[in-house]
Amino acid sequence: MPINTVIKLDAIEKTYHTGEVDVHAVRGISLEIRAGEFVAIMGSSGSGKSTLMNMIGALDRPTGGHYWLDGIDVSTLDRDTLADVRNEKIGFVFQGFNLLSRTSALENVEMPMLYNRHRIPSHEQRARAVNALELVGLGTRADHHPNQLSGGQQQRVAIARALVNKPALLLADEPTGNLDSQTSIEIMGVFQKLNDQGITIVMVTHELDVARFTKRMVILRDGKILTDEAVQNRSVAEKELQALRAEQQAVKLAS
Amino acid sequence: MRIIASLKIAARALRRNKMRSLLTMLGVIIGVGAVIGAVSLTSGATKQVEDQVSNLGENVITVFSGNFTTGGMRGGWGSAPTLTLEDTAAIRLLPNVVAISPEVRDRAQVLANGLNWNTQILGESPDYPQIRNWDIASGSMFSDQDVKTLAKSAVIGRTVADQLFPNENCVGQTIRIRNLPFQIVGVLASKGFNLFGQDQDDVVIVPYSSHMHRITTRTFVNSIQVQAANDKVISVVQQEITDLLLARHRSKEQDFTVRSQLELMQTVTATSRAMGFLLAGVAAVSLVVGGIGIMNIMLVSVTERTREIGIRMAVGARAADILVQFLIEAVTLSAIGGAIGIAGGVGFSQLVAYFKDMPTVTPVFWIIVAVVSSAVIGIVSGFYPAWKASQLDPIEALRYE
């Protein structure tokens, strides 16, 4: 396995035993993602993309096949070791942001470091959290609570939280699902900027518009890979924003 | 995960529902408060009784004469002429007897200063104040010489002094007992009421010889007060006195009774101890109820915060981290409740002590018991909810609405 391979899926299967009927959510997916890639996993509901995402995110174990994350065979690990893998190797960004309410942005970002197996001194925790918030352009909002932040800002806090443990993989599940179109482009801009800095990103989405910001699109159907190809005519967030502003000015929505 | 971070999270979670946290704690507060309050009051009562018993004198053994039976009528303890001054002298020679006083009792009208007063006239030896642990407030006790010479000397109690010589120093004055003039040589310090509600200061004490020859004409004594050297030899001395008197009286039947203060103390304190255990039992039940309240609220809390648990698991919290977090929260609840309960219990007993003039003692042992039991309640009642939280599936928990 090449050193720069972040994810290697080998004939991954997931079967749910519910009652008498076995549900085959994922039926043999093999996939390799290298460091620095920006991949969109697409598919309609029921295509198995959420199940795949849970397994890539080490939240769930496959019932068949093998999964190597950053050189570790995750498919054989126990609960506690899976938790450690999530803590050290994966940063999650969710559709619903999933921030802790009544907890400042800074403390939300510091939270994953509480669960590090190696103790991080509190001043270092603070420094790293501030750093991550600055990276997503929220350095001045560290003391704000989630209910004092807009949706886009909340998602930026979530991204900062995902980055704070320097993961090998940033895993985003419909990160723009709860955002309006302009904010969605802004968030995709954040992802593109992070990817330019070398961070590997895997994003699950069902919106083609959003997927166009990535570099590679994997389309699933019925638990299998339908297509896997590089994105043509890739959208660039800055340009899209400019275009959007021009449109808005035309209808006098923005000054 | 570090403990300080867990404590912070717990504090935040408890602050979020202040009213609910307070109500949850109330069970433990009442339970611990009741234990501490009950124990403080009963220990205070026990202490008071112990003080009163030691007020009777230290390491005192009392020998009562037997009951007097004539023609089937029995006179009760102290009525039979079985104890004599010779018995007293014999007992005095036993080892570990440090003081002894034969006691003769009678009531008489006492006159002085144009006033009169009916009081108890005791005939005692000069050892009496030492045996009874009783100070002479002014003047002095009569002497052995007074006993030998049947001196008409008297030591009077505070009440008698107040009744016959109001606003006057009475040492050196004369009182008349059955028309005989006695000179007051000393006044006893006030001792107050005894265990049975009698005024101990309502007394006139004269040499036993004077009592037996001048006031009454008796050849026997009512009882003998003996002081043992220390509390360890009391029962030995008690047995020796019994053996000695049985031999001296050569009677088949034991015509006397030997009692020690220790037995009295045990009888009296056993009652208040039983009361204390009863109260502590009731309090323990309310502590258990408090624990159930904590468990209930922790279960609600786990359900409410399912999503938070999911988030924490997603970013790498192990099952043990979640378990510890919720356990700390439950223990924090019960520990704060326990602390408030201890403060409340002590405060309550202090209030009672202040307004009801009852002594209270809060034993450190029971405070430790309260601290430990509230911590145990937190752990026991928090464990099931915390364990339930730690066993959640992160995927399900994240999806929970």
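In this text, all values refer to a predicted model and were calculated from it rather than measured experimentally.

*Asks:* How should I be thinking about the pattern of salt bridges in this particular structure?
*Replies:* Proximity of charged atoms lets side chains of opposite charge pair with each other. Residues and elements named next belong to chain A. Under the definition given, this model contains 20 salt bridges over all chains. The salt bridge involving glutamate 32 is made with lysine 8; its shortest N-O contact spans 3.9 Å. Linking glutamate 32 in strand β2 (residues 21–34) with lysine 8 in strand β1 (residues 5–18), this pair joins segments that are 24 residues apart in sequence. By relative accessible area, lysine 8 is classed as partly exposed at 27%.

*Asks:* What is the right way to look at helix α8 (residues 234–249) of chain B in this model?
*Replies:* Each turn of an α-helix holds 3.6 residues, which means side chains three or four residues apart point in the same direction. Residue and element names in this part refer to chain B. An ideal rise of 1.5 Å per residue puts 22 Å on 16 residues; α8 measures up with 22 Å between its terminal C-alpha atoms. When we look at burial in α8, the residues that qualify are Ile234, Val237, Gln238, Ile241, Thr242, Leu245 and His249. Taken down its axis, α8 places every buried residue within 140 degrees of arc, on the same side. Buried-residue contacts for α8 involve β1 (60–65), α3 (85–92), β4 (97–112), β11 (223–228), β12 (256–260) and α9 (261–304).

*Asks:* I'm lost on the interface of chain B and chain A in this one. Help?
*Replies:* Reports often express the size of an interface as the amount of accessible area lost when the parts come together. Each side of the interface is counted separately: chain B has 26 residues, and chain A has 28 residues. A buried area of about 2,400 Å², summed over both sides, lies between chain B and chain A, and 51% of it is on carbon and sulfur atoms. At the junction of chain B with chain A, the criterion picks out 3 salt bridges. The tally of links between chain B and chain A comes to 9 residue pairs in polar contact (both at pLDDT 80 or more). Elements supplying a minimum of two residues to the side of chain B that touches chain A: α1 (3–16), α10 (306–314), α11 (319–356) and α13 (394–399) of chain B. Ranked by the residues each element gives to the side of chain B that touches chain A, the list is headed by α10 of chain B, at 6 residues.

*Asks:* Honestly, a nonpolar patch on the surface in this entry has me stumped. Any pointers?
*Replies:* Residue and element names in this part refer to chain B. Among the surface-exposed residues, Met19, Leu22, Leu23, Leu26 and Ile30 lie close enough to one another that they form a single nonpolar patch of about 490 Å² accessible area. With respect to the helices and strands, isoleucine 30 occurs in helix α2 (residues 18–55). We classify isoleucine 30 as exposed; its relative accessible area is 52%.

*Asks:* Would you explain the domain arrangement of chain B in this entry?
*Replies:* Per the domain assignment, the segments making up chain B are domain 1 (3–52 + 268–399) and domain 2 (60–229). Just the C-alpha atoms count here: the centres of domain 1 of chain B and domain 2 of chain B sit 57 Å apart.

*Asks:* What is the right way to look at the side chain of serine 21 of chain B in this model?
*Replies:* For serine 21 of chain B, the position within the fold is in helix α2. Apart from the residues within four sequence positions on either side, serine 21 of chain B is in contact with Leu14 and Leu333 of chain B.

*Asks:* How do you make sense of the nonpolar core when you look at a structure like this?
*Replies:* Note on soluble globular proteins: their nonpolar side chains tend to be buried together. Of all hydrophobic cores here, the largest spans 66 residues; its most connected members are Ile7, Leu9, Ile41, Ile56 and Leu69 of chain A. The greatest single-element share of this core, amounting to 7 residues, is contributed by α11 of chain B. Counting 40 residues, the second-largest nonpolar core is a separate cluster that includes Phe97, Ile187, Met203 and Leu241 of chain A.

*Asks:* I would appreciate a short explanation of the pairing of strand β7 (residues 169–173) of chain A in the present structure.
*Replies:* Within a regular strand, side chains alternate between the sheet's two faces. Residue and element names in this part refer to chain A. For β7, the tally of buried residues reaches 4 of 5 residues, placing the bulk of the element in the interior. In this structure, strand β6 (residues 90–93) lies alongside β7, joined through 4 bridges in parallel fashion. Along β7, the bridge assignment pairs glycine 91 with leucine 170. Note: β7 against strand β8 (residues 201–205), 4 bridges, orientation parallel.

*Asks:* Please explain helix α6 (residues 181–196) of chain A as it appears in this structure.
*Replies:* All names here are of chain A. The end-to-end C-alpha distance of α6 is 22 Å, a good match for the 22 Å that 16 residues give at a rise of 1.5 Å each. Taken as a whole, α6 has its buried residues at Thr183, Ser184, Ile185, Ile187, Met188, Gly189, Val190, Phe191, Gln192, Leu194 and Asn195. Two residues or fewer after α6 comes glycine 198, characterised by a positive phi angle close to 100 degrees.

*Asks:* Sorry, what's going on with the sheet that holds strand β3 (residues 38–42) of chain A here?
*Replies:* What holds strands together in a sheet is hydrogen bonding between their backbones, with the strands either parallel or antiparallel. Residues and elements named next belong to chain A. Reading across from one edge, β6-β7-β8-β3-β9-β10 is the order of the 6 strands in this open sheet, with mixed pairing throughout. Each edge of the open sheet carries a strand with a single partner, namely β6 and β10 (224–230). The average undirected angle you get between the axes of adjacent strands in this sheet is 20 degrees. Across the sheet, helix α2 (residues 79–89) touches β6 and β7, and the angle it forms with β6 is around 80 degrees. Those strands touched by α6 are β3, β6, β7 and β8, and its axis lies near 135 degrees from that of β3.

*Asks:* Would you explain the packing of α3 of chain B against α8 of chain B in this entry?
*Replies:* Between two packed helices, the angle of one axis relative to the other and the distance separating the axes together describe the packing. All names here are of chain B. At a closest axis distance of 11 Å, the pairing of α3 and α8 adopts a crossing angle of 140 degrees. Taken as axis vectors, α3 and α8 run oblique relative to one another. With respect to the hand of their crossing, α3 and α8 are arranged in right-handed fashion. Judged by residue contacts, Glu86, Asp87, Ala90 and Ile91 of α3 engage Ile241, Leu244, Leu245, Arg248 and His249 from α8. Its residues assigned to classes, the contact of α3 with α8 comprises 5 nonpolar, 1 polar and 3 charged.

Here is what the cut-offs are and how they apply
- Residues numbered from 1 in each chain as written.
- Chains lettered and ligands numbered in written order.
- Predicted model: local features only at pLDDT ≥ 70, side-chain atom pairs only at ≥ 80, totals over all residues.
- Heavy atoms only, no water.
- Salt bridge = Lys/Arg side-chain N within 4 Å of Asp/Glu carboxyl O.
- Helix = DSSP H or I, 4+ residues; strand = E, 2+ residues; numbered from the N terminus.
- Buried < 20%, exposed > 50% of the residue type's maximum accessible area, 1.4 Å probe, protein only.
- Expected span 1.5 Å × (residues − 1).
- Arc of directions from axis to C-beta.
- Contact = heavy atoms within 4.5 Å.
- Buried area = accessible area lost by both parts, 1.4 Å probe.
- Polar contact = N/O pair within 3.5 Å; in protein donor to acceptor, adjacent residues only side chain to side chain.
- Patch = residues over 30% accessible without salt bridge, like charges linked within 9 Å, V, L, I, M, F, W, Y side chains within 5 Å.
- Areas by Shrake-Rupley, 256 points an atom, 1.4 Å probe, with all protein chains shown as cover.
- Domains from an automatic or database assignment.
- Core = buried A, V, L, I, M, F, W, Y, C linked by side-chain atoms within 4.5 Å.
- Pairing = 2+ DSSP bridges.
- Axes fitted to C-alpha atoms, helices over the stretch in contact; angles between N-to-C directions.
- Parallel < 35°, antiparallel > 145°, perpendicular 65-115°, else oblique.
- Left-handed = near helix turned anticlockwise from the far one by under 90°.
- Nonpolar A, V, L, I, M, F, W, Y, C, P; charged D, E, K, R; others polar.

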